[in-house]
Each structure stands twice: as structure tokens, then as C-alpha cells.
Amino acid sequence: MTALWRLAGRARDGVSSAWPEALALLLARLSLAGVFWRSGRAKIADGSLFTISDSTYYLFAEEYGGVPLPSDLAAILATTAEHVLPVLLVLGLATRLSALGLLGMTMVIQIFVYPQAWWPVHSLWAALALVLIVRGGGRLSVDHLLAARLSPA
């Protein structure tokens, strides 16, 4: 039994070392970024790089009307955030701040737009964002490279 316990301890130590954690944080960053990037791209007019579609303005005025902002402003802010924050997450640049922004968007969506979608959708987005807020981008991030360059040797 003691040998089995030691083997389990070694397996745990291996999985919780720096590189498995870096890969898990990269997957969390890519997963959360992918959700919001796809949503942001769906708000853009066909054939354009970043022209918000008329249907997006309509959705914010009608279906997302519970958001406590003017609908045109909410459409612009949401679409911009859904393009900028996922790119930052993929790069691992300002990871904690980007994840905090997406957590805020998740909570706005949960409270004002789709309150019935907490389980399983919004809870998973919130969990991914919280992991990134707490742990940061990990070794495979620009944040890590910058911290290594800026820290005194």
C-alpha cells in the first residue's frame, strides 16, 4: 500500500509541475478566447474586417435590451471587447486583466441577457476566467516572457 501511495504522489507531482500547468493554462486561454472570438466575429458584417452589422445593432436594441447601457454603445463595446480580449488571451498578454474583462462580460450576459444559461454555459466560462485570473497565463505566455525580462537577475 505504501508503494502505491508513493506512486500516486509521484504522479501528482508530475502533473502539477510547471509544464503540465503551462499546457493546461494555454488550453484554458484558448478555450475562453475561442468562445468570445467566435461571438465577436458573428457581430461583424459579412466581407468586412470590423464593421458591426445592422443585425448586431438590432439584437442589442431588442433581444439584449436589458443591458443597462445605450444599445448602440453596448454593441460597440461588446464587439470590440470580443475581438481585443481573446487576442490578448491567445498571446498570454495581460492575461489576468483580459480574463477579468471576459468574466465581467460573462456576468453581464448572465444577469441581463440570458439568466437561464448559468449551468452549464456561463459557469464554465466563469471557471475558465477565474483560473486565469488566479494563475495567470503560465509559462507559455507573453506575460511570462515579460516577467522574466523585467525581473532583476
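Residues numbered from 1 in each chain as written. Predicted model: local features only at pLDDT ≥ 70, side-chain atom pairs only at ≥ 80, totals over all residues. Heavy atoms only, no water.

Draft legend 1. Structural context of helix α4 (residues 71-91). The end-to-end C-alpha distance of α4, which contains 21 residues, comes to 30 Å, matching closely the 30 Å that a straight helix rising 1.5 Å per residue would cover. Buried residues of α4: Ala 74, Ala 75, Ala 78, Thr 79, Ala 81, Glu 82, His 83, Leu 85, Pro 86 and Leu 89, and no others. In this fold, the buried residues of α4 make contact with α2 (18-42), α3 (54-61), α5 (95-113) and α6 (118-135). Gly 92 sits one or two residues past α4 and shows a positive phi near 75 degrees. (Helix = DSSP H or I, 4+ residues; strand = E, 2+ residues; numbered from the N terminus. Expected span 1.5 Å × (residues − 1). Buried < 20%, exposed > 50% of the residue type's maximum accessible area, 1.4 Å probe, protein only. Contact = heavy atoms within 4.5 Å.)

Draft legend 2. Main features of α2. Taking 1.5 Å of rise per residue, 25 residues should cover 36 Å, and α2 covers 36 Å from first to last C-alpha, within 8% of that figure. Within α2 the residues assigned to the buried category are Ala 22, Leu 25, Ala 28, Arg 29, Leu 32, Ala 33, Gly 34, Phe 36 and Gly 40. Buried residues belonging to α2 abut α4, α5 and α6.

Draft legend 3. Unusual backbone geometry, seen in detail. In this model, Trp 119 is joined to Pro 120 through a cis peptide bond whose omega is 5 degrees. For Pro 120, the location among the structural elements is in helix α6. Look at Ala 94: it is not a glycine, yet its phi comes out positive at around 55 degrees. Locating Ala 94 in the fold gives a position in the loop between α4 and α5.

Draft legend 4. Looking closely at the nonpolar core. Of all hydrophobic cores here, the largest spans 24 residues; its most connected members are Leu 32, Phe 36, Phe 60, Leu 89, Leu 102, Met 105 and Leu 132. Those elements giving two or more residues to this core turn out to be α2, α4, α5 and α6. Once residues lying within four places of it in the same chain are set aside, the contact partners of Leu 102 are Leu 32, Phe 36, Leu 85 and Leu 89. (Core = buried A, V, L, I, M, F, W, Y, C linked by side-chain atoms within 4.5 Å.)

Draft legend 5. Quick peek at the environment of Leu 124. Mapped onto the secondary structure, Leu 124 falls in helix α6. Assessed through its relative accessible area of 51%, Leu 124 is described here as exposed. Spatially, the C-alpha atom of Leu 124 lies 10.0 Å from that of Thr 106, the residues being 18 residues apart in sequence.

Draft legend 6. Geometry of the packing of α2 against α6. Two numbers describe how α2 lies on α6: the axes approach to 10 Å, and their chain directions differ by 135 degrees. When the interaxial angle is binned, α2 and α6 end up oblique. The element α2 and its partner α6 pack so that their crossing is left-handed. Contact residues: Glu 21, Leu 25, Ala 28, Arg 29, Ser 31, Leu 32, Val 35 and Phe 36 in α2; Trp 125, Leu 128, Ala 129, Val 131, Leu 132 and Arg 135 in α6. The class makeup of the residues in the contact of α2 with α6 is 10 nonpolar, 1 polar and 3 charged. (Axes fitted to C-alpha atoms, helices over the stretch in contact; angles between N-to-C directions. Parallel < 35°, antiparallel > 145°, perpendicular 65-115°, else oblique. Left-handed = near helix turned anticlockwise from the far one by under 90°. Nonpolar A, V, L, I, M, F, W, Y, C, P; charged D, E, K, R; others polar.)

Draft legend 7. Structural context of the side chain of Ser 123. With respect to the helices and strands, Ser 123 occurs in helix α6. With a relative accessible area of 11%, Ser 123 lands in the buried category. A distance of 3.3 Å separates a polar atom in the side chain of Ser 123 from the backbone oxygen of Pro 120. (Polar contact = N/O pair within 3.5 Å; in protein donor to acceptor, adjacent residues only side chain to side chain.)

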